[in-house]
Amino acid sequence: MAKSSDYFGLGYIVSLILAIIPVTSWILGALTRFSEGKIVAGIVRIVFGFNIVWIVDLIMMALNKHIWRLLNM
């Protein structure tokens, strides 16, 4: 079984494919942060998720297999 990645425990390849698509990356990134209990980080992802956060998420997902976690609140 593949090692789980960021988007709700989905496999790395599935999470990487979902991160490539801007709309799914935006929505799933915010939902992931909300599910972790990080309300402020989820709101920041909703507001700024279509710009630099998406590009950084792609890089981080490809290199570290996790989305970018700038805020821990």
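Just above, that's the structure.
Computed from a prediction, not measured in an experiment: that's the story for all the values here.

Q: Can you explain a nonpolar patch on the surface? Please cite residues and give values.
A: A cluster of nonpolar side chains, namely Phe 8, Leu 10, Ile 13, Val 14, Ile 17, Ile 20, Ile 21, Val 23, Ile 27, Leu 31 and Phe 50, defines an oily patch on the protein surface of about 980 Å² accessible area. Listed by contribution, the elements that provide at least two residues to the nonpolar patch are α1 (12–20) and α2 (22–35). Among the secondary structure elements, Val 23 is positioned in helix α2. Its relative accessible area of 46% is what places Val 23 among the partly exposed residues.

Q: Provide a residue-level description of the packing of α1 against helix α4 (residues 52–64), including the pertinent values.
A: As a packed pair, α1 and α4 sit with axes 9 Å apart at the nearest point and diverge in direction by 160 degrees. When the axis of α1 is compared with that of α4, the two are roughly antiparallel. When you trace α1 past α4, the crossing you get is left-handed. Counted together, Tyr 12, Ser 15, Leu 16, Ala 19 and Ile 20 of α1 and Trp 54, Leu 58, Met 61 and Ala 62 of α4 form the full contact between these two elements. A class-by-class count of the residues in the contact of α1 with α4 yields eight nonpolar, one polar and no charged.

Q: Summarise unusual backbone geometry; cite the residues concerned and give the values.
A: Non-glycine residue Lys 65 carries a positive phi angle of around 65 degrees. You can see Lys 65 is positioned in the segment after α4.

Quick notes on the rules
- Residues numbered from 1 in each chain as written.
- Predicted model: local features only at pLDDT ≥ 70, side-chain atom pairs only at ≥ 80, totals over all residues.
- Heavy atoms only, no water.
- Patch = residues over 30% accessible without salt bridge, like charges linked within 9 Å, V, L, I, M, F, W, Y side chains within 5 Å.
- Areas by Shrake-Rupley, 256 points an atom, 1.4 Å probe, with all protein chains shown as cover.
- Salt bridge = Lys/Arg side-chain N within 4 Å of Asp/Glu carboxyl O.
- Helix = DSSP H or I, 4+ residues; strand = E, 2+ residues; numbered from the N terminus.
- Buried < 20%, exposed > 50% of the residue type's maximum accessible area, 1.4 Å probe, protein only.
- Axes fitted to C-alpha atoms, helices over the stretch in contact; angles between N-to-C directions.
- Parallel < 35°, antiparallel > 145°, perpendicular 65-115°, else oblique.
- Left-handed = near helix turned anticlockwise from the far one by under 90°.
- Contact = heavy atoms within 4.5 Å.
- Nonpolar A, V, L, I, M, F, W, Y, C, P; charged D, E, K, R; others polar.

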